[in-house]
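Residue-level listing of the chains:
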Amino acid sequence: MRKNLTRLAASATALTFAASGAMAADDEILVGLITKTDTNPFFVKMREGAAAKADELGIKFQAFAGKYDGDNDTQITAIENLISAGAKGILLLASDTKAIVPTVQKAREAGILVIALDTPLEPSSEADATFATDNFLAGQMIGEWASKTLGEEGAAAAHVALIDAHETQPTVDVARDQGFMDGFGIDIKDRNRRGEEEDGRIVGHEMGNGSEVGGREAMETLLQKDFDVNVVYTINEPTAAGAWEALKAAGKDDGSVIVVSVDGGCPGVANVRDGVIGATAMQFPLLMASMGVEAVVDYVKNGTMPQTTEGLDFFNTGVKLVTDKPVEGLESISSEEALTMCWG
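Note on numbering: residues in each chain are counted from 1, in written sequence order. With the structure being a predicted model, the display of local features is reserved for residues of pLDDT at least 70 and the display and counting of side-chain atom pairs for 80 or more, all residues being used for whole-chain, interface and lining totals. To get the side-chain values, take all heavy atoms of the structure and skip hydrogens and water.

Participant: I keep staring at the pattern of salt bridges and nothing clicks. Help me out?
Facilitator: What makes a salt bridge here is a side-chain nitrogen of Lys or Arg within 4 Å of a carboxyl oxygen of Asp or Glu, nothing more. Inspection of the entire model under this criterion finds 12 salt bridges. Of the charged contacts, one joins Asp199 and Arg201 as a salt bridge, the two residues approaching to 2.9 Å between their closest N and O atoms. What makes Asp199 partly exposed here is its relative accessible area of 21%. Two residues, Arg273 and Asp274, come together in a salt bridge whose shortest N-O distance is 3.0 Å. When its relative accessible area of 47% is taken as the criterion, Arg273 is described as partly exposed. Accessibility here uses a 1.4 Å probe with only protein chains present; expressed as a share of the type maximum, an area under 20% marks a residue as buried, one over 50% as exposed, and anything in between as partly exposed.

Okay, here's the thing in structure tokens:
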């Protein structure tokens with residue numbers, strides 16, 4: 001079951017609709033999508049989903065993006081432009097989940113529905129709603145898969161390296177990281193903070209900036225710390241691809257290292273098929289964005305606030321484990337099947 005999100009302005013908004021009896025015409029509804037960059041395939045898929053749904057519903061749509069991952073200033077400018085343009089809704093994938101909050105507040109005060117996609121704001125209540133993957137669950141899936149693949153004795157003696165993304169993007173980073181360790185059988189102490197764990201199997205955490213170059217450099221650093229690394233967790237699949245290049249250069253591409261990741265993009269799924277990534281957790285960004293557009297239109301026309309998934313403070317858009325080496329007790333799909341639905 002699901003429950004409606006609430007905020008103080010919701011009842012006032014509903015009363016305004018009832019009193020005026022006027023609903024915005026479809027061609028008067030403008031929805032904006034703001035992503036971290038416009039080149040990352042994950043964000044491209046979001047833009048495709050939002051644009052297609054806006055076209056289907058006959059509403060106006062504009063897309064904006066940062067110049068690089070972490071570009072908060074350009075995202076601030078995009079929100080300000082949408083406020084000036086009279087947007088009814090903003091779908092936001094924030095580069096800096098704390099620094100963007102004051103500008104988000106301005107948008108909400110202007111009556112704009114703000115929905116965070118994929119990455120919750122800090123705190124998450126600063127957006128009207130969040131549509132996202134259950135990132136902790138995604139991490140748990142790949143962590144449990146890695147542990148079961150190694151077996152009880154192998155997992156107990158593992159040398160685990162973790163490559164995260166950014167210090168300024170802790171929400172998704174922490175959830176996936178901590179979920180992975182929990183699934184692997186590591187005591188994480190506090191699921192909301194990374195680095196609290198004291199397990200001797202952990203080689204270290206390095207930041208890879210969510211990129212292939214960053215993944216390679218982070219993996220090189222981790223190998224210098226412990227060349228016996230045999231389990232590598234990565235925040236996303238470009239990072240995993242870079243980590244694999246470092247492992248290959250070090251002669252550790254002989255099947256002795258398990259690499260796991262999260263995303264489910266077609267290139268990442270192809271890397272599962274090719275044996276670069278042992279298992280990944282597939283997200284559905286196209287669905288996140290298209291549902292966000294629908295939610296804005298429903299809010300404008302009916303005063304209905306978006307919903308959450310029971311037991312969570314966001315709407316869970318789903319996650320699937322992808323591997324060609326399934327393990328008992330974990331539901332998964334093959335790379336062949338995943339390639340037909342990646343990021344749908």
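Participant: It is not clear to me how the sheet that holds strand β6 (residues 129–132) should be interpreted in this structure. Could you clarify?
Facilitator: Within a beta sheet, neighbouring strands are joined by backbone hydrogen bonds and run either parallel or antiparallel to one another. One open sheet accounts for six strands, arranged β3-β2-β4-β5-β6-β13; its pairing is parallel. Of all the strands in the sheet, just β3 (60–65) and β13 (315–316) have a single pairing partner and so form its edges. For two strands to pair, DSSP has to find at least two bridges joining them. Labels follow the DSSP assignment, with helices taken as runs of H or I lasting at least four residues and strands as runs of E lasting at least two, numbered in each case from the N terminus. Taken together, the two bridges between β6 and β13 define a ladder with parallel strand orientation. The residue bridging Phe131 from the neighbouring strand is Phe315, located in β13. Contacts are residue-level and defined by heavy atoms, with any inter-residue pair within 4.5 Å sufficient. Only the stretch in contact is used when fitting a helix axis, every axis being a line fitted to C-alpha atoms; angles between N-to-C directions are given from 0 to 180 degrees. Lying over the sheet, helix α3 (residues 72–84) contacts β2 (30–35), β3 and β4 (89–92), oriented at roughly 180° with respect to β2.

Participant: Help me understand the pairing of β4 in this model?
Facilitator: Residues in a regular strand point their side chains to alternate faces of the sheet. Neither face of β4 is left uncovered, since the one carrying Gly89 and Leu91 and the one carrying Ile90 and Leu92 both have all their residues buried. Here four bridges tie β2 to β4, and the two strands are oriented parallel to one another. Opposite Val31, over in β4, you have Gly89 as the bridge partner. Strand direction decides the pairing type here: β4 and strand β5 (residues 113–117), joined by four bridges, are parallel. Residue Leu91 lies in a different strand from β5, and its bridge partner there is Ile115. Between β4 and its parallel partner β5, the chain crosses via helix α4 (residues 101–109), and the hand of that crossover is right-handed. Looking down the strands as they point away from you, a crossover is right-handed if its path from the first strand over the helix to the second goes clockwise.

Participant: Looking at this structure, I do not really get the pairing of β2. What am I missing?
Facilitator: With respect to burial, β2 is a largely interior element, six of its six residues being buried. Here β2 shows two buried faces, one formed by Leu30, Gly32 and Ile34 and the other by Val31, Leu33 and Thr35. Note: β2 against β3, six bridges, orientation parallel. Each bridged residue has a counterpart across the sheet, and for Ile34 the counterpart in β3 is Phe64. Each parallel crossover has a hand, and the one from β2 via helix α2 (residues 41–57) to β3 is right-handed.

Participant: What's the story with helix α10 (residues 285–302) in this structure? I'm lost.
Facilitator: A turn of α-helix holds 3.6 residues, and therefore any two residues three or four places apart point the same way. Under the convention used throughout, the expected extent of a helix is 1.5 Å for every residue step, that is, one less than its residue count. Compared with the 26 Å implied by 1.5 Å per residue over 18 residues, the 25 Å span of α10 between its first and last C-alpha is a close match. Among the residues of α10, Pro285, Met288, Ala289, Ser290, Met291, Gly292, Val293, Ala295, Val296, Val297, Tyr299 and Val300 are the ones counted as buried. Positive phi shows up at Gly303, right after α10, with a value of about 70°.

Participant: For this particular structure, what's the right way to read the packing of α3 against α4?
Facilitator: Two quantities define a packed helix pair, namely the angle between the axes and the distance from one axis to the other. α4 packs onto α3 with a crossing angle of 10° between their chain directions and a minimal axis gap of 10 Å. The orientation of α3 relative to α4 falls into the category roughly parallel. In this structure, α3 uses Ile76, Ile79, Glu80 and Ile83 to contact α4, whose residues at the interface are Thr103, Val104, Lys106 and Ala107. Three classes are used: nonpolar for Ala, Val, Leu, Ile, Met, Phe, Trp, Tyr, Cys and Pro, charged for Asp, Glu, Lys and Arg, and polar for all others, with Gly counted as polar. In the contact of α3 with α4, the residues fall into five nonpolar, one polar and two charged. Reported orientations rely on four angle classes, namely roughly parallel under 35 degrees, roughly antiparallel over 145, roughly perpendicular from 65 to 115, and oblique for the rest.

Participant: In this structure, what is going on with the packing of aromatic side chains? I would like to understand it.
Facilitator: The geometry of an aromatic ring pair comes down to the distance between the two centres and the angle between the two planes. A pair of Phe, Tyr and Trp rings is counted when the ring centres sit within 6.5 Å of each other, with Trp represented by its six-membered ring. The angle between the planes then sorts it: under 30 degrees is stacked, over 60 is edge-to-face, the rest tilted. A full pass over the atoms with the stated rule returns four aromatic pairs. Between Phe131 and Phe315 the ring centres are 5.7 Å apart and the planes differ by 65°, which places this aromatic pair in the edge-to-face class. In this pair, Phe131 is assigned in strand β6 and Phe315 in strand β13, connecting sequence segments 184 residues apart. We classify Phe131 as buried; its relative accessible area is 4%. Accessibility expressed as a relative area gives 8% for Phe315, which makes it buried. Connected via pairs of aromatic rings, a cluster forms that spans Phe180, Phe184 and Tyr233. Charges are assigned to positions over rings by a cutoff of 6 Å between ring centre and Lys NZ or Arg CZ, combined with an angular limit of 35 degrees from the ring normal. Positioned above the aromatic ring of Phe227, the side-chain terminus of Lys252 is 4.9 Å from the ring centre.

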